[in-house]
Amino acid sequence: MTQVTSLGYPRLGENREWKKLIESYWAGNITQEELFDQGKALRTDFLKKQEAAGLDLIPVGDFSFYDHILDLSLQFNIIPERLADRSNDIDLYFTIARGDKENVASALKKWFNTNYHYIVPEWENVTPRLTNTRLLDLYIEAKDLVGDKAKPVITGPITYVALSNGVTDVAAAVDSLVPLYATIFKQLTEAGATYIQVDEPIFVTDEGAAYLDLAKTVYTQLTTAVPEAKIIFQTYFEALIDAEKLAELPVAAFGLDFVHGLEENLAAVQSGLFKDKEVFAGVVDGRNVWAADFVATTDLLKEIQKNVANLLVQPSCSLLHVPVTTKNETDLDPVLLKGLSFADEKLAEIKLLAENLDGITNPQFAEHVADFEALQAADFRNVDLEDLENVPVKRQTDFAERRRIQQERLKLPALPTTTIGSFPQSPEVRSTRLKWKRGDITDAAYENFINAEIERWIRIQEDLDLDVLVHGEFERVDMVEFFGQKLAGFTTTKLGWVQSYGSRAVKPPIIYGDVQHIQPLTVKETVYAQSLTDRPVKGMLTGPITITNWSFERTDISRADLFNQIGLAIKDEIALLEEAGIAIIQVDEAALREGLPLRKAKQKAYLDDSVHAFRIATSSVEDRTQIHTHMCYSNFDEIIDSIRELDADVISIETSRSHGELIAAFETAVYPLGIGLGVYDIHSPRVPSKPEIIENIERPLQNLALEQFWVNPDCGLKTRREPETVAALKVMVEATKDVRKSLSL
Ligand code: GLN
Ligand code: ZN
């Protein structure tokens with residue numbers, strides 16, 4: 001019998017019970033005991049569900065009250081120095097994660113290329129030791145419920161250290177943890193565990209290449225110290241960085257991702273590297289919401305099986321990255337619904353695949369194949385889209401001439417001032433939107449409310465004397481969902497939440513069909529705003545790459561094709577705005593950089609595809625239309641060439657927290673187009689002082705040409721409150737006027 005397993009189950013719960021639990025503890029509404037009891041109830045439910053799905057090995061220890069890396073930090077006594085004298089308990093845990101009045105929180109960082117964020121361990125002046133028996137306790141609890149099926153899961157020492165801050169010597173830090181891991185493994189095997197899943201995803205990254213020898217040492221030590229433990233060396237999100245070397249590790253099994261990194265991992269298996277090993281084959285995509293292609297996956301499984309000592313079937317990674325179940329999504333088109341697969345459905349798929357491999361006939365297998373085919377054949381996946389051949393991907397005129405033409409039209413002062421797009425979404429904005437969604441107020445009443453808010457802010461911006469105004473984005477909850485609701489090919493779900501960080505969850509739209517512009521997206525609000533003022537109002541769109549990266553995307557077409565489809569839709573919207581007389585249009589690409597593939601070797605293709613799609617969206621405009629873009633980060637070193645190739649007339653970026661570091665990347669020679677360097681940090685309510693802003697304008701002006709430079713905050717102002725926003729913008733405009741004066745402009 002082919003065995004099936006999984007790597008981790010979503011924590012959130014079907015109705016986000018987990019989020020509610022933790023937040024009610026934070027709010028002081030439940031006691032610590034209640035938190036722990038209800039946490040246990042959730043774990044029990046998750047275990048039982050996975051057992052019912054037929055898993056032979058069920059992950060244990062994947063549950064967390066915030067983040068699995070933070071769990072390890074507390075267990076290993078890797079506590080931030082500023083909190084070292086606090087007692088090591090759940091309240092310290094939440095303080096590290098969230099900060100308190102006296103202490104800043106530890107940094108959050110993206111978990112590889114996912115949208116999950118972990119708490120970065122801080123190694124300054126720490127003495128690693130075991131402070132608790134967390135994983136053992138969880139194992140004993142699980143064993144009571146599911147017996148020998150319980151499989152402990154832990155992040156491995158090399159990945160843990162590689163993801164930490166403040167480590168000066170990786171090998172030494174890892175070395176200090178090895179005895180702790182050995183103790184944990186020993187405790188687990190004594191309690192009855194056999195397999196232990198040790199996650200080492202750092203070994204799919206370029207950085208992992210530096211730790212190959214270290215891996216050999218560490219895993220030899222661990223297998224020698226605890227020979228009873230059957231260690232699964234688990235990686236995901238890409239292929240092994242060096243399969244030849246890693247296959248030599250003396251571990252019992254390898255967990256490999258055959259969805260992301262399929263080609264390389266399959267080639268490694270076919271070359272016989274794993275012929276004496278057990279291979280836990282990740283063949284069902286744990287990162288996306290689509291039902292697996294059973295025909296292709298069965299072929300793949302057979303091919304792997306031929307080349308390894310024993311095959312187990314599992315998802316490509318933890319199911320943390322997908323929503324819990326499709327069963328509540330009853331509003332969706334039935335063809336689409338049957339083609340979707342969230343965590344619970346993925347577990348069922350794995351079981352069906354394994355049974356089929358063993359020759360067991362289950363009618364559900366054939367049904368699944370038929371559903372999959374129906375989705376591919378659906379009309380919404382086979383739309384005749386505009387022929388890309390006829391779409392320009394280059395502006396008619398080069399940027400210097402464009403700048404002249406645009407300036408003739410816009411007549412902006414030197415150092416023009418503007419904002420990034422959104423203004424504060426007051427409690428009133430949010431509650432009115434909610435009322436409208438619930439049907440408590442009419443469409444017309446809602447539109448009137450939004451228009452009143454737009455008008456109020458146009459007046460505020462005029463009073464502030466900003467040069468380029470925005471409508472404020474009050475009609476949008478979110479810069480992707482809003483577009484998803486209006487473009488064909490997108491849908492949103494009722495309960496398709498995934499954890500982003502801590503108790504924060506997001507509900508990404510699903511791109512399920514060919515994307516098409518079928519109605520105006522932003523014209524009404526933008527044109528209304530422009531009708532209220534003589535100053536230029538900047539139209540505000542989200543770009544194709546960001547829309548894709550923050551959605552669950554289709555995988556039946558290439559990413560490049562998907563980017564291009566969305567690029568075309570945005571092009572159509574830009575044409576409408578242009579026709580309506582909007583002179584400046586901003587296409588935000590907030591998520592361009594975070595979508596970079598893990599491996600350097602794959603980054604160029606991604607960036608080229610991104611640039612191409614952005615240019616599909618933005619190249620058809622007239623010379624006199626000014627295209628802006630915005631990105632929420634300043635670390636551009638690796639991607640500066642691609643940013644240049646976007647050929648946006650103006651880019652605004654976040655800089656105030658990087659203290660001028662990025663200026664190097666933006667020397668005039670390299671980047672000749674318009675740049676708005678964020679002159680103050682919008683992440684805090686603090687109102688900046690005039691001298692600070694003046695400095696943030698004058699410093700970069702030493703390297704950048706005056707006619708390039710724009711003045712704006714770091715990012716959108718949606719999450720700020722109105723008083724501090726107006727106060728900060730006032731300082732920004734006054735500082736700009738002072739600089740203009742001092743330069744006698
Ligand atoms: N235009 C968007 C806003 O201002 C940009 C947000 C972002 O960059 N994340 O909210
Ligand atoms: Zn931003």
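Cut-off values and rules
Position numbers for residues count from 1 along each chain, tracking the sequence in the order it is written. Chain letters start at A and ligand numbers start at 1, both assigned in the order the entries are written. Only residues with pLDDT of 70 or above have their local features reported here, since the model is predicted, and side-chain atom pairs are shown and tallied only from 80 upward, although totals for entire chains, interfaces and linings are computed over all residues. Processing note: side-chain calculations cover all non-hydrogen atoms of the structure and skip hydrogens and water entirely. UniProt positions are given in the numbering used here, feature names are shortened, and annotations may be inferred rather than shown by experiment. Only runs of H or I of at least four residues qualify as helices and only runs of E of at least two qualify as strands under DSSP, and these elements are numbered from the N terminus. We compute the radius of gyration over the C-alpha atoms and compare it with the globule rule, which gives 2.2 Å times the number of residues raised to the power 0.38. Buried means the residue's accessible area, taken with a 1.4 Å probe over protein chains only, is under 20% of the maximum for its type, while exposed means over 50%, and partly exposed covers the values in between. Note that accessible areas follow from Shrake-Rupley with a 1.4 Å probe, and for residues the cover is restricted to the protein chains shown. Only four residue types enter the charge count, namely Lys and Arg as positive and Asp and Glu as negative; His and the chain termini do not. Every charge is mapped onto a representative atom, which is NZ of Lys, CZ of Arg, CG of Asp or CD of Glu. In this scheme, strands are said to pair when DSSP sees at least two bridges between them. Only the contacting stretch of a helix is used when fitting its axis, a line to C-alpha atoms as for every element, and angles between N-to-C directions run 0 to 180 degrees. Any two residues whose heavy atoms approach within 4.5 Å are treated as being in contact.

In the annotation of an unreviewed UniProt entry, the entry for the protein reads 5-methyltetrahydropteroyltriglutamate--homocysteine methyltransferase, and the organism field reads Streptococcus porcorum. Turning to the protein, the UniProt record has this under Pathway (unreviewed entry): "Amino-acid biosynthesis; L-methionine biosynthesis via de novo pathway; L-methionine from L-homocysteine (MetE route): step 1/1." UniProt, in the comment section headed Catalytic activity (unreviewed entry), describes the protein in these words: "5-methyltetrahydropteroyltri-L-glutamate + L-homocysteine = tetrahydropteroyltri-L-glutamate + L-methionine".

**Side note on the overall build of the protein**
Check the secondary structure of the protein and you find 25 helices and 20 strands. For a compact globule of 745 residues, the expected C-alpha radius of gyration is about 27 Å, and the protein comes in at 27 Å, within 12% of that figure. Dimensions of the protein along its principal axes, counting C-alpha atoms only, are 75 × 60 × 55 Å. Across the 745 residues that make up the protein, the buried fraction comes to 59%. For the protein, the exposed surface amounts to about 28,800 Å²; the carbon and sulfur share of it is 50%. Computed over 77 positive and 115 negative side-chain charges, the separation of the two mean positions in the protein equals 3 Å.

**Examining the sheet that holds strand E16 (residues 584-588)**
Two strands in a sheet stick together by hydrogen bonds in their backbones, pointing the same way (parallel) or opposite ways (antiparallel). Read across the open sheet, the six strands follow the order E15-E16-E17-E18-E19-E20; overall the sheet is parallel. Here the strands that pair on one side only, and so sit at the sheet edges, are strand E15 (538-542) and strand E20 (709-712). Averaged over all pairs of adjacent strands, the angle between strand axes in this sheet comes to 25°, irrespective of strand direction. Taken together, the five bridges between E16 and strand E17 (residues 626-631) define a ladder with parallel strand orientation.

**Structural notes on the sheet that holds strand E8 (residues 253-257)**
Spatially, E1-E10-E9-E8-E7-E6-E5-E2 is the arrangement adopted by the eight strands of the open sheet, whose pairing is parallel. Two strands lie at the open edges of the sheet, namely strand E1 (3-4) and strand E2 (58-60), each paired on one side alone. With five bridges connecting them, strand E6 (residues 195-199) and strand E7 (residues 230-234) associate as parallel partners. In the strand pairing of E7, Ile196 is matched with Ile231. Lying over the sheet, helix H7 (residues 170-190) contacts strand E5 (150-155), E6 and E7, oriented at roughly 175° with respect to E5. Strands strand E9 (278-284) and strand E10 (310-315) of the sheet are contacted by helix H11 (residues 294-306), whose axis makes an angle of about 170° with E9.

**A few points about the UniProt feature "binding site: L-homocysteine" (unreviewed entry) in the protein**
According to UniProt, the positions carrying the feature "binding site: L-homocysteine" (unreviewed entry) are Ile420, Gly421, Ser422, Glu473 and Asp588. These annotated residues cover 169 residues of sequence, but their C-alpha atoms sit close together, with the largest distance between any two at 12.9 Å. Tracing the sequence through the fold places Ile420 in the loop between helix H15 (399-410) and helix H16 (427-438). Note on Ile420: relative accessible area 4%, which makes it buried. In this view, Ile420 contacts Glu473, Met540, Gln586, His630, Ser652, Asn712, Pro713, Asp714, Cys715 and Gly716; residues no more than four positions away in its chain are not counted. With respect to the helices and strands, Ser422 occurs in the loop between H15 and H16. A relative accessible area of 5% places Ser422 in the buried class.

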